[in-house]
Amino acid sequence: MNPRDFKELRRSAQDLTPQQRHILATDLQGTYPQNNPVLEQVDRAFSEHPRCPHCQHEQVAKWGRVQGLQRYRCRACHRQFTPLTNTPLSRLRKREKWAAYLEAMEDGLSVRKAAERVGVNPNTAFLWRHRFLASPAKEKPTLLRGIVESDETFIRRSRKGERRMDRLARKRGTKAPNTGMDPEHWVPVLVARDRGAVTTDSILPEVTSQTLKRSLVPVLDKDAVLCHDGLPSYFTLARETGISHRTVYAAHGKRVLKGVFHIQNVNAYHSRLKEWLERFHGVATKYLSSYLGWRRFLELKLPSVSFSRAILQAIVAPGRLHSFART
Ligand SMILES: [Zn+2]
């Protein structure tokens, strides 16, 4: 603004009613926390596909700024909102520390270490972890194409953090009595990955053709070829759905068919996931989907989308990350 206009603005401010004065003061305060990279990313991600959080209408108007964020007004229901309204982050404070917190997440720090690095209380760091991960936990790709590798892995069941346990807490470091399929001690996690590194996962109540079908069929492209390790459930699934599939019997020593059909990428993903999970010393099963989402986001290979941008995009514009990236 040129100096003359500014002088004029200041003079006309003297004519404001008390209510107008209050509104203006709030607006000015809202622009105060500048250069907050997280809020800038939030604004940018939301502005690409703005939508009213109250009525889902897409016709919205910019309506000043508040607390460092763009404010909008819905043209349909006339309510005001910011990109964070009705998101898991809406009421979180200390926004100036979010950038450091997201970096700590990218580095996979434990709650305690993240709290130390960012300078917040561990309870805050724990709350933030689950607030930041609530949307990414649900954000999964909608389409896997070409050769799709699918395999299950098993994660130790843990009731960590539950107040009421109907059995004695496990002593840390003791071995679960069985390995493999015992559902009392192990949670089956299905991971499917295509050769473009597009990856999805699901926590299965048990491994059956029906649970595999529910997880895989909605995301498989019609021309996809499913590679699996020969578990009978896959044959049932293929028979019932007509999906093309290839079996790679690791036990027979034939790990790669025709030079391309194998499940080595998905098995490598399992290894990275489990190795990365070790730092958390047993993940509470009720939070497992958050950790799986966290890992998926660390492994996202989207051009020019950083980890923090992807997380924020999932929060303020859910459902858009993958479709947006693949078009
Ligand atoms: Zn609305």
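This text follows the structure it describes.
Numbering of residues begins from 1 in every chain and follows the order in which that chain's sequence is written. Where local features are concerned, this predicted model is filtered to residues with pLDDT of at least 70; where side-chain atom pairs are given and counted, the filter is 80 or more; whole-chain, interface and lining totals use all residues.

**Quick word on the pairing of strand S4 (residues 147-156)**
Consecutive side chains of a regular strand alternate in pointing toward one face of the sheet and then the other. The element S4 is extensively covered by neighbouring structure, given that seven of its ten residues are classed as buried. Pairing between strands is defined by DSSP: at least two bridges between the two strands are required. Segments assigned H or I by DSSP are reported as helices when at least four residues long, segments assigned E as strands when at least two residues long, and all are numbered from the N terminus. In this structure, S4 lies alongside strand S5 (residues 186-194), joined through nine bridges in antiparallel fashion. Paired with Arg156 across the two strands is Trp186, which belongs to S5. Three exposure classes are used. Buried residues have 20 or more other C-beta atoms within 10 Å of their own C-beta, exposed residues have 12 or fewer, and partly exposed residues fall in between, all C-beta atoms being placed from the backbone.

**Brief notes about the environment of Val42**
By secondary structure assignment, the location of Val42 is in helix H3 (residues 37-48). Distance in space between the C-alpha atoms of Val42 and Ser308 is 9.9 Å, their sequence separation being 266 residues. Each residue touching Val42, except ones within four places of it in the same chain, is listed here: Leu69, Pro83, Leu84, Leu312 and Val316. With C-beta atoms placed from the backbone, a contact is any residue pair whose C-beta atoms sit within 7 Å.

**A closer look at unusual backbone geometry**
Unlike most non-glycine residues, Lys94 shows phi in positive territory, near 55°. With respect to the helices and strands, Lys94 occurs in the loop between strand S3 (80-81) and helix H4 (98-106). What makes Lys94 partly exposed here is the crowd of 13 C-beta atoms within 10 Å. In this structure, Ser304 takes a positive phi of about 55° despite not being glycine. Mapped onto the elements, Ser304 comes out in the loop between helix H10 (288-298) and helix H11 (307-316).

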